[in-house]
Amino acid sequence: MNKLLSIVIPCYNEEEVLPLFMEEISKVCRQISSDGSVIAGTCFDTELIFVDDGSSDGTLKLLRTLHEHDASVRFVSFSRNFGKEAAILAGLKNAKGDYVLLMDADLQHPPKLIPDMLKELMSSGCDSVAMYRNDRKKEGFFRRHFSSAFFKIMNKLSKLNLVNGATDFRLMKRIMVNAILDMPETNRFSKGIFNWVGFNTKWLPFETGERPAGKSKWSSGKLVSYSFDAILSFSEGPLKICSFIGIIFCIISFLIGIFHFIKTLIFGDPVAGFPTLYLMMLLIGGLILLFLGITGQYLARIYMEIKHRPVYIVKEDENSLIKEDINA
Ligand code: UDP
Ligand code: MG
């Protein structure tokens, strides 16, 4: 019997690139479903699950048309933009496949690599095949250095072991997808979650393609705030650093106290050093505020988690079209 491969594709304002993406992905779907010799003697039925993350262009309209022409093209559409992480979760929840593949809509994750990924998964016995970029040089100076610093800091501060250049382009077995769906958190950092759930992952290098149409949705500011979110959701490292610096300051002040006490006993000097005093007050005041801020960030996240708000809200999916038909 054929296995089912679900391909999950988050989309935010991708109407320009979607027709090109469909052309490429359809070729691959035909290849892996008809030519059984391609992947260790297995044929795959495929379903495409597009998640429209509250697009304001014609993405949803296009997805409706695609579904009407081919029922294996499914879609979920959000009531507003909830972000790529929410779109990934919705896609994984709706996927019915024995295997699930996650990829971007903009052809930067080349569909032609899918047969190789399937081959690797079937032959190596691992639970997931994930792709990392080995073409960082193509990126701008800021993005390249920022990304590699992020991966280093993240691995130092958390118990995760993220591969430098890791992307969300990933093929997984059902058992791993179910483990990911069991993670209840609202603030989701998927790269961390994929790593945290464990299972054997085989990493393959790839070169990201150029985006043939449309624009990247990630500004530098968004990337920085995404990185902070990621660190705060997988590491208590910043809190430990605060406590550590606090302890160091206590020890230093204790030693300075002893020094002044002995100095006064021996020399009988009056205590001088007004500038030192106010500089120290400023420094310690600043540190206290900084540390309170960091603690506050964790508190804010606890507050958001405890509200148990849904990660996303679905406005429409392929079943809504059927309901509309019945009601008409
Ligand atoms: N995306 C999304 N919601 C967002 C931003 C992006 O679903 O709020 C999707 C987007 O449509 C694309 C993928 O996530 O399929 C990667 O986005 P993009 O190409 O903008 O990111 P980059 O490749 O520049 O990191
Ligand atoms: Mg992209």
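Notes on the structure in this doc start here. If you're wondering where the values come from, they're calculated on a predicted model, not measured in any experiment.

Description of the packing of helix 3 (residues 84-94) against helix 6 (residues 174-181)
Where helix 3 contacts helix 6, the two axes come as close as 10 Å, and the packing angle between them is 130°. In terms of their interaxial angle, helix 3 and helix 6 are classed as oblique. In this structure, helix 3 meets helix 6 at a crossing whose hand is left-handed. Facing Leu 89, Leu 92 and Lys 93 of helix 3, the residues of helix 6 in contact are Val 177, Ile 180 and Leu 181. For the contact of helix 3 with helix 6, the residue count by class is five nonpolar, no polar and one charged.

Considering the nonpolar core
Core analysis: the largest hydrophobic core is formed by 36 residues, its most contacted members being Leu 5, Ile 7 and Phe 50. Per element, the largest residue contribution to this core is seven residues, and it comes from helix 1 (residues 18-34). Residues contacting Phe 50, with those up to four places away along its chain left out, are Ile 9, Cys 11, Leu 18, Phe 21, Met 22, Leu 63, Val 73, Arg 74, Phe 75 and Val 76. Counting residues in hydrophobic clusters, the runner-up holds 27 residues, among them Ala 166, Phe 189, Tyr 226 and Ala 230.

Some remarks on the site of ligand 1
Around ligand 1 lies a shell of 17 residues, among which Glu 14, Asp 53, Asp 106, Ser 216 and Lys 217 are the nearest. The contact in question runs from an oxygen atom of ligand 1 to an N or O atom on the side chain of Ser 216, over 2.5 Å. Its free accessible area being 530 Å², ligand 1 has 91% of it covered by the protein chains. Classifying every residue of the shell around ligand 1 gives five nonpolar, four polar and eight charged.

Concerning the side chain of Thr 46
Looking at the element boundaries, Thr 46 is found in strand 2 (residues 44-52). Ignoring sequence-local partners within four residues, the contact set of Thr 46 consists of Leu 4, Leu 5, Cys 29, Ile 32 and Ser 72.

A few points about a nonpolar patch on the surface
On the surface, Ile 247, Ile 251, Phe 254, Leu 255, Ile 258, Phe 261, Ile 262, Leu 265, Ile 266 and Phe 267 cluster together into a nonpolar patch covering about 1100 Å² of accessible area. By secondary structure assignment, the location of Phe 267 is in helix 9 (residues 237-267). A residue is classified by how much of its surface remains accessible, and Phe 267, at 61% relative accessible area, is exposed.

As for the packing of aromatic side chains
One pass over the structure, following the stated rule, counts nine aromatic pairs. Plain terms: the ring middles of Phe 44 and Tyr 99 are 5.8 Å apart, the flat faces sit at 70° to each other, and that makes the pair edge-to-face. Here Phe 44, found in strand 2, pairs with Tyr 99, found in strand 4 (residues 99-102); they are 55 residues apart in sequence, far enough to count as distant. Summarising the burial analysis for this pair, Phe 44 and Tyr 99 share the class buried. Measuring from centroid to centroid gives 4.8 Å for Phe 78 and Tyr 312, while their planes differ by 10°, and the two rings are stacked. One end of the pair, Phe 78, is in strand 3 (residues 73-78); the other, Tyr 312, is in the loop between helix 10 (274-306) and strand 8 (314-317), with 234 residues separating them in the sequence. Like Tyr 312, Phe 78 is buried. Clustering of aromatic rings is evident, with ring pairs tying together Phe 150, Phe 151, Phe 189, Tyr 226 and Phe 234. Above the plane of the ring of Phe 82 lies Arg 80, whose end atom (NZ or CZ) is 3.9 Å from the centre.

What to know about the sheet that holds strand 5 (residues 128-133)
Ordered in space as 7-5-6-4-1-2-3-8, the eight strands form an open sheet in which the pairing is mixed. At either margin of the open sheet sits one strand with a lone partner, and together these are strand 7 (201-206) and strand 8. Averaged over all pairs of adjacent strands, the angle between strand axes in this sheet comes to 20°, irrespective of strand direction. Two strands pair when backbone bridges link them, and strand 4 and strand 6 (residues 166-173) are joined in this way by four bridges, in the antiparallel orientation. When the bridges of strand 6 are listed, Leu 101 appears paired with Leu 171.

Conventions adopted
- Once a new chain begins, its residue numbering starts again from 1 and follows that chain's sequence as written.
- Whichever chain is written first becomes A and whichever ligand is written first becomes 1, with later ones labelled in order.
- Whole-chain, interface and lining totals are the exception, using all residues; otherwise, since this is a predicted model, local features are given only for residues with pLDDT of at least 70 and side-chain atom pairs are given and counted only at 80 or more.
- Side-chain metrics in this entry use all non-hydrogen atoms of the structure; hydrogen atoms and water are not considered.
- Helix axes are fitted to C-alpha atoms over the stretch in contact, other axes to C-alpha atoms as well, and angles between N-to-C directions run from 0 to 180 degrees.
- A run of DSSP states H or I qualifies as a helix once it reaches four residues; a run of E qualifies as a strand once it reaches two. Both are numbered from the N-terminal end.
- For classification, angles of less than 35 degrees are called roughly parallel, those exceeding 145 degrees roughly antiparallel, those between 65 and 115 degrees roughly perpendicular, and all remaining angles oblique.
- With the far helix as reference, a near helix turned anticlockwise by less than a right angle produces a left-handed crossing, and one turned clockwise produces a right-handed crossing.
- By definition, residues are in contact when any of their heavy atoms lie within 4.5 Å.
- Polarity classes work like this: nonpolar for Ala, Val, Leu, Ile, Met, Phe, Trp, Tyr, Cys and Pro, charged for Asp, Glu, Lys and Arg, and polar for all others, with Gly in that last group.
- Nonpolar cores are built from buried Ala, Val, Leu, Ile, Met, Phe, Trp, Tyr and Cys residues. Side-chain atoms within 4.5 Å join them into one set.
- Only protein chains enter the accessibility calculation, which uses a 1.4 Å probe; a residue is then buried when its area is under 20% of its type maximum, exposed when over 50%, and partly exposed in between.
- For this description, a residue counts as near a given molecule or strand if any of its non-hydrogen atoms is within 4 Å of it.
- Pairs of N or O atoms within 3.5 Å make up the polar contacts considered here, provided that, within protein, one atom can donate a hydrogen while the other can accept it, and that residues adjacent in sequence are counted only when both atoms are side-chain atoms.
- Residue burial considers only the protein chains on display, and all accessible areas are found by Shrake-Rupley using a 1.4 Å probe.
- To count toward a patch, a residue needs a relative accessible area over 30% and no salt bridge; like charges are then connected within 9 Å, while nonpolar side chains (Val, Leu, Ile, Met, Phe, Trp, Tyr) are connected within 5 Å.
- Within this document, salt bridges are pairs made up of a side-chain nitrogen of Lys or Arg and a carboxyl oxygen of Asp or Glu, the two lying within 4 Å of each other.
- The aromatic pairing rule takes the rings of Phe, Tyr and Trp, using the six-membered ring of Trp, and pairs them if the centres are within 6.5 Å, calling planes under 30 degrees apart stacked, those over 60 edge-to-face and the rest tilted.
- In our convention, an over-ring charge means Lys NZ or Arg CZ found within 6 Å of a ring centre and within 35 degrees of that ring's normal.
- We call two strands paired when DSSP finds no fewer than two bridges between them.

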